[in-house]
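Fold and geometry: a report
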Amino acid sequence: MSAIRVLVVEDDPVAAAAHAEYVRRLEGFELAGVVRSGAELATFLHLAGEGTGRPEAAVDLMLLDMNLPDAHGLDIIRRVRGLGLPLDIIAITAVRDLQVVRSAISSGIVQYLIKPFTYSAFSEKLGAYQDFRRTLVEQASATTQAEVDQAFASLRPVTAAALPKGLSAETLRAVSRLLKELQAPTSAIEVSEALSMSRVTARRYLEYLADQQSVLRTPRYGTRGRPEFEYSWARRSAGR
């Protein structure tokens, strides 16, 4: 999958620099730019004046502060949506007003991240968006119900508190991504080698995903000794 190009829209220079650095640290993401006002944003996206087409430097994802000095985030979202620009928006803001949150959601944002937050929270939100994009946005023109369900589920990843003891959300996401990328079923040994973890640990995550019906678990025939299972991401068989 090509790198996701991210535009940071933030008026506070310290926060803007921090968010830009966070994006640079994430694998699979690329910083498209940083703007600090509605006017700068309009220029960047070629929305000002006669420019109404797709910007030369394409943007896939906008990280939007809802309180800019010359524009409110909701107005920007509506303008972008009204022009049909093909980009997704994550609101990154200190605004906690429920009406604003509801309006932002109804306007089509994919995530809402409340300041202040840690890099871990930031990476979790963007990691979930990356899974969403991989699952649905970059599929062919047609999709299946299972793929749609999985795409929306990826935007709300399982939190560490909801996982069984000893499992982490970050490792679970890594195992899930690996299985999504593989074209053939894989074993616990192969997962452990690919992700540099023990076979026992890999099996625990694979079994958890199988119990959640995200992964298909089938016997691998033709192996000597103790029976071995192989695992594949469930959505690949959904359209058969």
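Fair warning: this is a prediction, and the values are worked out from it, not measured in the lab.

Quick word on the packing of helix α7 (residues 169–181) against helix α9 (residues 199–211)
Relative to each other, α7 and α9 sit at 75 degrees, their axes nearing to 10 Å. One way to sum up the angle between α7 and α9 is to call them roughly perpendicular. Only Tyr-205, Leu-206, Tyr-208 and Leu-209 of α9 make contact with α7, whose side of the interface consists of Thr-171, Leu-172, Val-175, Ser-176 and Leu-179. Looking at side-chain class alone, the contact of α7 with α9 contains seven nonpolar, two polar and no charged residues.

Things to note about the packing of aromatic side chains
For the structure on display, the rule yields four aromatic pairs. Between Phe-117 and Phe-122, the ring centres sit 6.1 Å apart and the planes meet at 15 degrees, which makes this aromatic pair stacked. One exposure class covers both Phe-117 and Phe-122, and it is buried. Each residue in the set Tyr-22, Phe-117, Tyr-119 and Phe-122 is aromatic and connected to the rest through ring pairs, giving one cluster.

Observations regarding the sheet that holds strand β3 (residues 61–64)
Read across the sheet, five strands follow the order β2-β1-β3-β6-β7 without closing on themselves; strand pairing throughout is parallel. The sheet is open, and its two borders are formed by β2 (29–35) and β7 (111–114), each paired with just one other strand. Taking each pair of neighbouring strands and ignoring which way they run, the sheet shows an average axis angle of 20 degrees. In this sheet, β7 lies alongside strand β6 (residues 88–93) in parallel orientation, the contact comprising four bridges. Across the sheet, residue Ala-91 finds its bridge partner in β7, namely Tyr-112. In the packing of helix α1 (residues 13–25) onto the sheet, the strands contacted are β1 (4–9), β2, β3 and β6, and the crossing angle to β2 comes to about 165 degrees.

Rules used in this analysis
Residues numbered from 1 in each chain as written. Predicted model: local features only at pLDDT ≥ 70, side-chain atom pairs only at ≥ 80, totals over all residues. Heavy atoms only, no water. Axes fitted to C-alpha atoms, helices over the stretch in contact; angles between N-to-C directions. Helix = DSSP H or I, 4+ residues; strand = E, 2+ residues; numbered from the N terminus. Parallel < 35°, antiparallel > 145°, perpendicular 65-115°, else oblique. Contact = heavy atoms within 4.5 Å. Nonpolar A, V, L, I, M, F, W, Y, C, P; charged D, E, K, R; others polar. Phe/Tyr/Trp six-rings, centres within 6.5 Å; stacked < 30°, edge-to-face > 60°. Buried < 20%, exposed > 50% of the residue type's maximum accessible area, 1.4 Å probe, protein only. Pairing = 2+ DSSP bridges.

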